[in-house]
Amino acid sequence: MADKKKDSDQTEHAEGEAPLHGLLAEYDSTAALIAASKKVRDAGFEKWDTYTPFPVHGIDGAMGIKMTKLPWIVLGAAITGLTTAILMQWWMNAVDYKYIISGKPFWSIPASVPIYFELTVLFSAFAALGGMLALNNLPLPSHPLDLKERFAKVTDDKFFLMIQAADAKFDERETRALLEGTHPTVLDVVLEDRTSPSKLPTGLVYGLLIVATASLIPFAFIAKARFAKSEKTRVHVVGDMDWQLKFQAQQAHPFFADGRAERPEIPETVAVGHLREDDHLFRGKEQDTWARTFPTSIEPSADALERGKEKFGVYCAPCHGFAGDGDGPISVRAQELAEGTWVPPTNVHQDYLRQMPVGQLFDTVTHGIRNMAGYGQLIEPEDRWKIVMYLRALQRSRQTSVDDVPEAERGALK
Amino acid sequence: MAAISDVNPFVQPPKGDNDFARVTDNVSRIAEVNRPPRAWYIAFGISTSLLGLFGISVAYLFWEGIGIWGNMNPSYWGFPIVNFVFWVGIGHAGTLISAILYLMRQTWRTAINRFAEAMTIFAVICAAVFPGLHVGRPWLPYWMFPIPNQMQMWPQFRSPLEWDVFAVGTYATVSLLFWYMGMIPDLATFRDRSTSPLRRALYGAFAMGWRGSSRQWHRYERAYLLLAALATPLVLSVHSVVSFDFATSQMPGWHTTIFPPYFVAGAIFGGFAMVVTLAVPARQFFGLKRIITINHLELMSKIILATGMMVGYAYGMEFFIAWYSGSAYEGFALLNRAVGPFAWSYWAMIFCNVVTPQVFWFKSMRRNVWVIFFVGVLVNIGMWFERFVIIVTSGSRDFLPASWGYFIPTAWDFATLAGSFGLFFTLFLLFCRYLPMVAMAEVKAFVPAAHASGDHH
């Protein structure tokens, strides 16, 4: 009870007590606080502050608070975040582990913009909160004002102003007179805090230290696992996901006599529709050599060439170009990027290709060659032949003379 | 047991001899009374049961594998991704209210921003769970992050799915920081009002010694403004990035440039619907009607109406573009939505998202809490169906007719979805019980008494 009394009623600083921390004035309204602040500001005090339940409009000017440097801290963090995002994506995807993804460049700015943005914002947000706390000297576990019971109202509905005794201009009597002139509802002294322990309890400190050290143990194990070798198979946490009820290629199977899960083709049988015994049509061969003629079912005609042209445009032109010069848009783009991973498509107007039997060209389309993939899965055999026919027409188009044009139409060329 | 309604602190007018004190009292006592209202217990009971169901579904999933779900060739994304996009969408209103409305100086937002932010964080938690579950190997999601792994590989940063990891991760983190920072002064109020040492210690620890110093408020307000400025493009970006998962793919019905704005509008729409769905009962049961007034609900109804029409416009525009592009696949995909095997979900979506919000043209409807609540619920359902329509109809009718199929969810799909609501509501109810539901300091700054100085601004 005695304590209470001292706390709320004492207005004079008596001898023998804890040293004086400051003088505290309480106000009922924001208007009174702002008026008081202006007076204290003009009196030239430096170590003083006001305390309010919410940010009071206009108090910054009344107290002469200077603009915080927080925005610069946040700007610094934003630049760091952006740089991190750039370096991280570039180093991880273009240097340390090069992913080849559908011929895309290893490093391109548009594809990495989303992550630039995200990391910029992420770093800035941490800086905004962290910087605010650091500049505000928070967290601050105890403060002399905490000893004032009425100060608890600061987070409810009351407004306070305190001038610290540490201020150069502070003089107990004069300062008191100054504050009284601002008509506070209560004027009070604040003593230094001698009761709250200045240190954290040792038990808590050691407890935290132990927890902090213990939390490093898993990381130590992970770090060890990165270098150590182990003879044991890895731990299967969830068995059902690792051993699924299905058989994969090259697994053992108890049911079959040969013990294999993968079933070989049964000799002497063919799946329905897969006979394909016409060597000429399906494989481009005649008596085991490359066919030099088109299969009988593929008759040269304007329609067939038109079809061949269409399919060539779809499947071949992106790389080989519409005229077969090896200058398709994909190739041009890849060469611009100069990543060193691109093999240029062949120019089909070369002599050896002109001499090449159509059967072999057909096989190139079907199975691909060296770096070119096969298109047998995507294009029907008839269409593959028509592509070859069109390719032949392209080749021919570079070896013509006026004599190839019918006599009657030569006039139109002149 | 004495009936709780004997002394219901929530119907008594708040105490205090000025507006500031009344705001403090009205908000603080929600967390201070010994017993929350009976409705809280009922809701909490249901929520925790659903949370239990969630736990069981996830445990069984980890044990058995994702085969327990209906995801199947060709609809691989199924419920988990529908739920993911749904929850991320919900998570938009909170930060929109706190950041964008703050920058636009919409002071009415102070009544609702705190719990809308809380809602955001809990929704993002629910959202983040699903991709983690969907990868099918719950011990490997760390592969999504740029941390060294045993394969010596790094994430592939040119993939929109990887952008998602960063977008959703950043959004969750920044929303959390924003929410926490906004709460510091209010936690200090709770600390100063607490009567038990435990409460004092806990609230005190999180309030970090906030004492309302004006010099601190100055930096605090700067930081808040900066966070708002950072969060604003972030809100717009998260759902844009989520929409890239679809838009940058080749799938008909997904490969469209309208997706980012359309997704963002939909997210705000769905998010606000969730805010009103929660605000109506919360203000009712916790006696917050003086703070979250019918005017606030009316403003939110207007936003729902506006964003609902943007979404409706996008639905129409999708058809126009499909026709205008001349692409047979696009045309088919869109027609298939409206008249194909999943037409029921498409029309459910149109009804909930486009038709129901139209009631808000009428003032009497905008001020009727029952109407607001039911429209909110329907819009949430509609927004869930929107994601279902996008993900399932396109997925089950891709380029190859040979792989077409019909998506049939399993009981576990529904259990996980219901369970995620359990997770969401459990977190939300705990928040209502223990944390400041309304941003007291911000509300006080706008009560008339705060400007009694004859403010010339």
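Predicted, not measured: the structure shown is a model, and the values here were computed from it.

Definitions and limits used
Residues numbered from 1 in each chain as written. Chains lettered and ligands numbered in written order. Predicted model: local features only at pLDDT ≥ 70, side-chain atom pairs only at ≥ 80, totals over all residues. Heavy atoms only, no water. Helix = DSSP H or I, 4+ residues; strand = E, 2+ residues; numbered from the N terminus. Rg over C-alpha atoms; globule rule 2.2 N^0.38 Å. Contact = heavy atoms within 4.5 Å. Lys, Arg positive; Asp, Glu negative; His and termini not counted. Charge placed at Lys NZ, Arg CZ, Asp CG, Glu CD. Buried < 20%, exposed > 50% of the residue type's maximum accessible area, 1.4 Å probe, protein only. Arc of directions from axis to C-beta. Domains from an automatic or database assignment. Axes fitted to C-alpha atoms, helices over the stretch in contact; angles between N-to-C directions. Left-handed = near helix turned anticlockwise from the far one by under 90°. Nonpolar A, V, L, I, M, F, W, Y, C, P; charged D, E, K, R; others polar. Pairing = 2+ DSSP bridges. Patch = residues over 30% accessible without salt bridge, like charges linked within 9 Å, V, L, I, M, F, W, Y side chains within 5 Å. Areas by Shrake-Rupley, 256 points an atom, 1.4 Å probe, with all protein chains shown as cover. Salt bridge = Lys/Arg side-chain N within 4 Å of Asp/Glu carboxyl O. Buried area = accessible area lost by both parts, 1.4 Å probe. Polar contact = N/O pair within 3.5 Å; in protein donor to acceptor, adjacent residues only side chain to side chain.

Chemist: What should I look at first to understand the overall build of chain B in this one?
Modeler: For chain B, the count of helices and strands is 16 helices and 0 strands. Taking 457 residues into account, the globule formula puts the C-alpha radius of gyration at 23 Å, and chain B, at 23 Å, falls close to it. Expressed as lengths along the three principal axes of its C-alpha atoms, the size of chain B is roughly 75 × 55 × 50 Å. At a minimum sequence separation of 6, the contacts of chain B that also span at least 24 residues come to 79%. Considering chain B, the positive charge centre built from 30 side chains and the negative charge centre built from 21 side chains are found 8 Å apart.

Chemist: Quick question: what am I supposed to make of helix α6 (residues 172–180) of chain A here?
Modeler: Residues and elements named next belong to chain A. For α6, the set of buried residues is Thr-175, Arg-176 and Leu-179. Down the axis of α6, the smallest arc covering the buried residues is 105 degrees, so these residues share one side. Exposed residues pointing more than 90 degrees away from the buried face of α6 are listed as Arg-173 and Glu-174. Those residues of α6 that are buried lie in contact with β1 (20–27), α2 (30–42), β3 (159–164) and β4 (186–191).

Chemist: For this particular structure, what's the right way to read the domain arrangement of chain A?
Modeler: It is common to give the size of an interface as the accessible area that goes away when the parts come together. Considered domain by domain, chain A is made up of domain 1 (1–215) and domain 2 (280–400). Computed from C-alpha atoms alone, the centre-to-centre distance between domain 1 of chain A and domain 2 of chain A is 74 Å.

Chemist: Would you explain the packing of helix α5 (residues 113–134) of chain B against helix α9 (residues 259–285) of chain B in this entry?
Modeler: Axis angle and axis distance: for two packed helices, these are the angle between their axes and the distance between the axes, and together they describe the pair. Residue and element names in this part refer to chain B. Two elements in contact, α5 and α9, have axes whose closest approach is 10 Å; the angle formed by their N-to-C orientations is 115 degrees. In this structure, α5 meets α9 at a crossing whose hand is right-handed. Facing α5, whose interface residues are Phe-115, Ala-116 and Met-119, α9 presents Gly-271, Met-274, Val-275, Leu-278 and Ala-279. Residues belonging to the contact of α5 with α9 are distributed by class as follows: 7 nonpolar, 1 polar and no charged.

Chemist: Before we go on, may I ask you to explain the sheet that holds β4 of chain A in this structure?
Modeler: Residue and element names in this part refer to chain A. Taken in spatial order, the 4 strands line up as β2-β3-β1-β4 in an open sheet, and their pairing is antiparallel. Each end of this open sheet is capped by a strand with a single partner; those strands are β2 (48–51) and β4. The mean angle between the axes of side-by-side strands here comes to 20 degrees, regardless of whether they run parallel or antiparallel. As defined by bridge partners, β2 adjoins β3 across 4 bridges and the pair is classed as antiparallel. The residue of β3 that forms the bridge with Asp-49 is Met-162. Seen against the sheet, α2 touches β1, β2 and β3 and runs at an angle of roughly 15 degrees to β3.

Chemist: I'm lost on the environment of Gly-182 of chain B in this one. Help?
Modeler: Residue and element names in this part refer to chain B. Along the chain, the position of Gly-182 falls in helix α6 (residues 160–193). Placed 249 residues apart in sequence, Gly-182 and Phe-431 show a C-alpha to C-alpha distance of 14 Å. In this structure, Gly-182 is in contact with Arg-114, Tyr-220 and Tyr-224, ignoring residues within four places of it in sequence.

Chemist: I tried to follow a nonpolar patch on the surface on my own but got confused; where do I start?
Modeler: Residues and elements named next belong to chain A. Taken together, the side chains of Leu-200, Leu-204, Val-205, Tyr-206, Leu-208 and Leu-209 define a hydrophobic patch exposed on the protein surface, amounting to about 590 Å² of accessible area. Structurally, the position occupied by Leu-200 is in the loop between β4 and α7 (202–214). Leu-200 sits in the exposed class, given a relative accessible area of 53%.

Chemist: Help me understand unusual backbone geometry in this model?
Modeler: Trans peptide bonds make up the majority, and among non-glycine residues the majority have a negative phi. In the segment running from Leu-138 of chain A into Pro-139 of chain A, the intervening peptide bond is cis, with an omega of -5 degrees. By secondary structure assignment, the location of Pro-139 of chain A is in the loop between α5 (109–135) and β3. Look at the link from Asn-73 of chain B to Pro-74 of chain B: it is a cis peptide, with omega at 0 degrees. One non-glycine residue, Asp-288 of chain A, lies in positive phi territory at about 65 degrees. In this structure, Asp-288 of chain A sits in the loop between β5 (285–286) and β6 (289–290).

Chemist: Mind showing me how you'd approach the pattern of salt bridges here?
Modeler: If charged atoms from side chains of opposite charge come close, those side chains can pair. Residues and elements named next belong to chain A. This structure, assessed with the given rule, holds 30 salt bridges over all chains. Two residues, Asp-279 and Arg-283, come together in a salt bridge whose shortest N-O distance is 2.6 Å. One end of the pair is Asp-279 and the other is Arg-283, both in helix α10 (residues 279–283) and 4 residues apart, which spans about a single turn. The exposure class of Asp-279 is partly exposed, given its relative accessible area of 34%. Each member of the salt-bridge network shares a partner with another, and the members are Glu-26, Lys-148, Arg-150 and Asp-188.

Chemist: Explanation requested: the environment of Tyr-203 of chain B in the structure shown.
Modeler: Residues and elements named next belong to chain B. Note on placement: Tyr-203 falls in helix α7 (residues 197–207). On the basis of relative accessibility, which here comes to 9%, the residue Tyr-203 falls in the buried class. Separated by 68 residues in sequence, Tyr-203 and Val-135 place their C-alpha atoms 38 Å apart. In this structure, Tyr-203 is in contact with Ala-31, Leu-187, Phe-190, Arg-191, Tyr-434 and Leu-435, ignoring residues within four places of it in sequence.

Chemist: Can you help me understand the interface of chain B and chain A in this one?
Modeler: Between chain B and chain A, the contact holds 73 residues from the first and 72 residues from the second. Both sides together, the interface formed by chain B and chain A hides about 6,500 Å², and carbon and sulfur atoms give 64% of it. Considering only the side of chain B, the residues that lose the most area to chain A are Trp-154, Arg-158 and Arg-211 of chain B, jointly responsible for 15% of the buried surface there. Taken together, the links from chain B to chain A amount to 2 salt bridges. Along the contact surface separating chain B from chain A lie 30 residue pairs in polar contact (both at pLDDT 80 or more). Of all elements in the fold, only α1 (19–32), α2 (38–64), α6, α8 (214–247) and α16 (440–444) of chain B reach the threshold of two or more residues within the side of chain B that touches chain A. Counting residues per element, the side of chain B that touches chain A draws most heavily on α8 of chain B, at 17 residues. Partitioned by chemical class, the residues of the side of chain B that touches chain A number 39 nonpolar, 20 polar and 14 charged.

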